[in-house]
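Architecture at a glance
If you want the building blocks of each chain, they are given just below.
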Amino acid sequence: MLAAMSFAGCEDAAKRPVQAHAPALNPSQNQETQGQRASAQLGPSGIGNLPVRNLKAQPLISLAPRTPGGIPYLIERVKEKFAAGEANYKAGHLAAARRDFDDAVDWMLESGYDPNSDPQLSELFHRVTDTIYAYELQAFRAGDGFSEAPAVPAPIDEVAEMTFPVDPKLRERAEEAAKSVSHDLPLTVNDVVASYLNFFQTPRGRAIVENGLRRKGKYDDMIARVLREEGVPQDLIYLAQAESAFQPLALSRAGARGIWQFVQWRGNEYGLKRTWWVDERMDPEKATRAAAQHLRDLYGLFGDWYLAIAAYNCGPGNVQKGVERTGYADFWELYKRNVLPRETKNYVPIILALTLIAKDAPHYGISVDREQPVETDTVKPGRAIDLRLVAETIDVDVATLRTLNPSLLRMATPDDPEFVLHLPKGTAETFSAEIADIPADKWVSWRRHRVESGETLTSIAKKYRVTPGAIAAANDLEAGTGLEAGEKLIIPAARPVEETKSRLVRYRVRRGDTLGGIADQFSVTDADIRKWNGLKGAKVSRGMVLRIYTVGGTPEAHAVKSSAKTRHKKPSSAGGSQPKP
């Protein structure tokens, strides 16, 4: 049948594009309320829970006297304070970031000016509040040891729905360049591909390309090996560049995750597990193997790599329907006849444009210092262990461990004897020797502490909220024993109750969100969200505010006491049926 379809398309063969076949303010310091300050307590990880705040629910007009200096002065000071907040947030200083963000918003609300009365002030107000809202959600999910690590946006979401102008000269140069680069997938250059080549020459597009090529160096060898072992073309690596720019924590609006952007059910088909503790879609090597197998299966179905790549994006059913409707088993015919989803139509040209640039980066004026592969040691803890304890044991920072183990959703490993933990090269022996001093059933609660000059048992005990006697007993210290700077102590800490409670988050639905994608972000199910919000179906509308209970996924029997509750008015749509669009 496919052969017949191909034959039917021969009459348009002469119209096909060129293909290359080369070898394979500070007016006054605002005072915050006691309730706001109470929400700034730090958790055991040293990171505070930044409360979700319905910024747009605040009154826009104040009776306070107007800020001296006028709107330009206000805008300048707000920008300074907001920039300080962003710097503190990115450095992990969430308490300071929260104060900066609160000041930035409060200065606008209490300035005496209506933010909507001036275009520049209005734009700043909405930009600041939207950005803070996004930061608050990320910080909430990363605020305690057992909350999920924050994700990063998938680049494909930014580009795939856009169209760009064509530069004829750029197309001509690209056609010539394509003839001289080796490839094992066909490289088509036409106006659609050239339009994305044009976009990737802009500052915004160039940043996407450069970030992807920089991180690509870290995974090049591994991906090449897996693709070779699975018997698929090496150039399929550029799907990963288009999908995620090689960012393991990439998360799309539809809930796809990882370097290869698997949705959960498709990942399950290819053996990628998702539990409360781990999501193997974000394991670079496991996800690469699953992607190679899936692409191989799709090629077996369609016999054409462009159709296989399109099906990877929108599903084989959508591509098959397009073939049946048109009688053409050819991607460019399906493109011309507009039978594929818009994102999929652009998906293949984006990958082709990125492939052309990556294979001849100097020709397109791009030069980056590529990251190098990271060598690691691997251990099997055998049971759950807190990453903070691991970090304290081998004297590295937690961020390093999370980077080496991107599939971990929490600050602890799963209670799985087969789970493999990646450690910095040369630290496995130290880890095995030191962790033996702590009972295995305490690995998720006990800690290690390196004594600093001037510290005492009392000061250390206060920090970890345990008694000095408990620390002394765990370390066989006699009463009155002095501490030496640099020595390590075992801290018999108990897991805070807050880490096992569910927490209420109010999430505002944004453009492109799906119920499944939202559920995946918070590690809950679609059914949970429907139940908590009285939704009868799976449709969610932009602007809806959803109640979501994180950490355990089940609401507590009593009213949830969270900082979010003190900051929000109860939205009318949060607990009822879906509002009309």
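Reading the values: rules and limits
Residues numbered from 1 in each chain as written. Predicted model: local features only at pLDDT ≥ 70, side-chain atom pairs only at ≥ 80, totals over all residues. Heavy atoms only, no water. Helix = DSSP H or I, 4+ residues; strand = E, 2+ residues; numbered from the N terminus. Buried < 20%, exposed > 50% of the residue type's maximum accessible area, 1.4 Å probe, protein only. Areas by Shrake-Rupley, 256 points an atom, 1.4 Å probe, with all protein chains shown as cover. 1 Å grid on protein atoms, 1.4 Å probe; cavity = no way out; pocket = protein on both sides within 12 Å on 5 of 7 lines; lining within 4 Å. Points joined across faces, edges and corners; volume = space filled by probe spheres on them. Nonpolar A, V, L, I, M, F, W, Y, C, P; charged D, E, K, R; others polar. Core = buried A, V, L, I, M, F, W, Y, C linked by side-chain atoms within 4.5 Å. Axes fitted to C-alpha atoms, helices over the stretch in contact; angles between N-to-C directions. Parallel < 35°, antiparallel > 145°, perpendicular 65-115°, else oblique. Contact = heavy atoms within 4.5 Å. Arc of directions from axis to C-beta. Polar contact = N/O pair within 3.5 Å; in protein donor to acceptor, adjacent residues only side chain to side chain.

**Concerning the overall build of the chain**
Helix and strand counts for the chain stand at 24 helices and 10 strands. Looking at the chain residue by residue over its 581 residues, the buried ones come to 52%. Accessible surface, the chain as shown: approximately 26600 Å² in total, 51% of it carbon and sulfur.

**Details of empty space enclosed by the protein**
Here the second largest cavity is characterised by a volume of approximately 60 Å³. Along its surface, the second largest cavity is lined by Leu185, Pro186, Leu187, Asp235, Tyr306, Ile309, Ile351, Leu352 and Thr355. Within the residue set of the lining of the second largest cavity, elements represented by two or more residues are helix H13 (305-314) and helix H16 (342-359). The biggest single contributor to the lining of the second largest cavity is H16, with 3 residues. For the lining of the second largest cavity, the per-class residue count stands at 7 nonpolar, 1 polar and 1 charged.

**Side note on the nonpolar core**
Core analysis: the biggest nonpolar cluster contains 73 residues, and Phe200, Trp260 and Val319 have the highest contact counts within it. Counting 21 residues, the second-largest nonpolar core is a separate cluster that includes Leu408, Met411, Leu421 and Ala428.

**A closer look at the packing of H13 against helix H14 (residues 316-326)**
One way to put it is that H13 packs onto H14 with a least axis distance of 7 Å and a crossing angle of 125°. When the axes of H13 and H14 are compared, the pair comes out oblique. Contacts between H13 and H14 pair Leu307, Ala310, Ala311 and Cys314 from the former with Pro316, Asn318 and Val319 from the latter. Among the residues forming the contact of H13 with H14, the class breakdown is 6 nonpolar, 1 polar and no charged.

**Concerning unusual backbone geometry**
Backbone geometry at Phe246 places phi at a positive 60°, although glycine is not the residue there. When its relative accessible area of 0% is taken as the criterion, Phe246 is described as buried. Here the phi dihedral of Asp395 falls at roughly 60°; this positive angle occurs in a residue that is not glycine. Residue position: Asp395 is located in the loop between helix H17 (387-394) and helix H18 (398-404). Residue class for Asp395 comes out partly exposed when judged on its relative accessible area of 48%.

**Thoughts on the environment of Ile351**
Mapped onto the fold, Ile351 is located in helix H16. The buried category is assigned to Ile351, whose relative accessible area is 4%. Sequence-wise, Ile351 and Ile309 are 42 residues apart; in three dimensions their C-alpha atoms are separated by 9.2 Å.

**With respect to helix H23 (residues 526-533)**
Helical geometry: 3.6 residues make up each α-helical turn, so side chains three or four residues apart lie on a common side. Buried within H23 we find Asp528, Ile529, Trp532 and Asn533. An end-on view of H23 places all buried positions within 110° of arc, on one side of the element. Of the residues flanking the end of H23, it is Gly534, one or two places downstream, whose phi is positive at about 65°.

**Here's the deal with H17**
Within H17, 8 of the 8 residues are buried, which leaves the element mostly enclosed by the surrounding structure. The set of residues buried in H17 consists of Leu387, Arg388, Leu389, Val390, Ala391, Glu392, Thr393 and Ile394. Elements in contact with the buried residues of H17: H18, strand S6 (421-424), helix H19 (428-435), strand S7 (447-450), helix H20 (457-464) and strand S8 (488-491). For H17, the N-terminal cap is Asp386; the gap from its side-chain oxygen to the backbone nitrogen of Arg388 is 2.7 Å.

**Concerning the side chain of Arg274**
On the secondary structure map, Arg274 appears in the loop between helix H11 (264-269) and helix H12 (284-302). Of note is the side chain of Arg274, whose polar atom sits 3.1 Å from the side chain of Asp279.

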